[in-house]
Every structure is written in C-alpha cells, then in structure tokens.
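Residue-level structure breakdown
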Amino acid sequence: GRYILISTVSVYDDGEKLVERDFNPSQIDLASTPLTPKDPGLAYQFGKQRAEAVFAQKAMFPTVMVRYPFIVG
C-alpha cells in the first residue's frame, strides 16, 4: 500500500559525507516555475528534485523515496 519512487543521490548538491536530510523535497517551492538548467547534469538533478517534491507534497497516497547511488539499465 505504498508508492515507491526510485530516485538517486543526484538530488543532492556535490559534497562528501551527505546524509538524507541534506535534501528535503518538502522545501521545494512547486508554485514557482524556475527555468530548467541547460547543463544536462543539472537538468537531471532538477528533474529528480521536482519529482520527489511532487510526491512529498502532493501525493494523496502513501509514498516513499529511495535514493540509490546510481541506476544502470
């Protein structure tokens, strides 16, 4: 009874020894319409952050985000 969003550590800004609380999808302002970054790496991060934010803030059902280091395939 829960939707699992497969995310990645790409939601985090660069750094070392990152912990889960270093990115909180509930703090993303979904009402604003920022431009998508032109850098493909940053665009991917932007998309993952917004996807988590939509589920964290708008889902009307139980959700959980799982952040893998990387996804192959």
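See the structure printed just above.
Here is a short report on the structure shown in this document. (Residues numbered from 1 in each chain as written. Predicted model: local features only at pLDDT ≥ 70, side-chain atom pairs only at ≥ 80, totals over all residues. Heavy atoms only, no water.)

Quick look at the overall build of the chain
For the chain, the helix and strand inventory stands at 1 helix and 2 strands. Ordered by position in the sequence, the α and β elements of the chain form the string β-α-β. A principal-axis box enclosing the C-alpha atoms of the chain has dimensions of 35 × 30 × 25 Å. Taking all 73 residues of the chain together, 22% fall into the buried category. Long-range pairs, those at least 24 residues apart, make up 74% of the contacts in the chain with a sequence separation of at least 6. For the chain, the separation between the mean place of its 8 positive charges and that of its 8 negative charges on side chains is 6 Å. (Helix = DSSP H or I, 4+ residues; strand = E, 2+ residues; numbered from the N terminus. Buried < 20%, exposed > 50% of the residue type's maximum accessible area, 1.4 Å probe, protein only. Contact = heavy atoms within 4.5 Å. Lys, Arg positive; Asp, Glu negative; His and termini not counted. Charge placed at Lys NZ, Arg CZ, Asp CG, Glu CD.)

What about a nonpolar patch on the surface?
A cluster of nonpolar side chains, Ile4, Ile6, Tyr68 and Ile71, forms an exposed patch at the surface whose accessible area comes to about 370 Å². Structurally, tyrosine 68 can be placed in strand S2 (residues 63–68). (Patch = residues over 30% accessible without salt bridge, like charges linked within 9 Å, V, L, I, M, F, W, Y side chains within 5 Å. Areas by Shrake-Rupley, 256 points an atom, 1.4 Å probe, with all protein chains shown as cover. Salt bridge = Lys/Arg side-chain N within 4 Å of Asp/Glu carboxyl O.)

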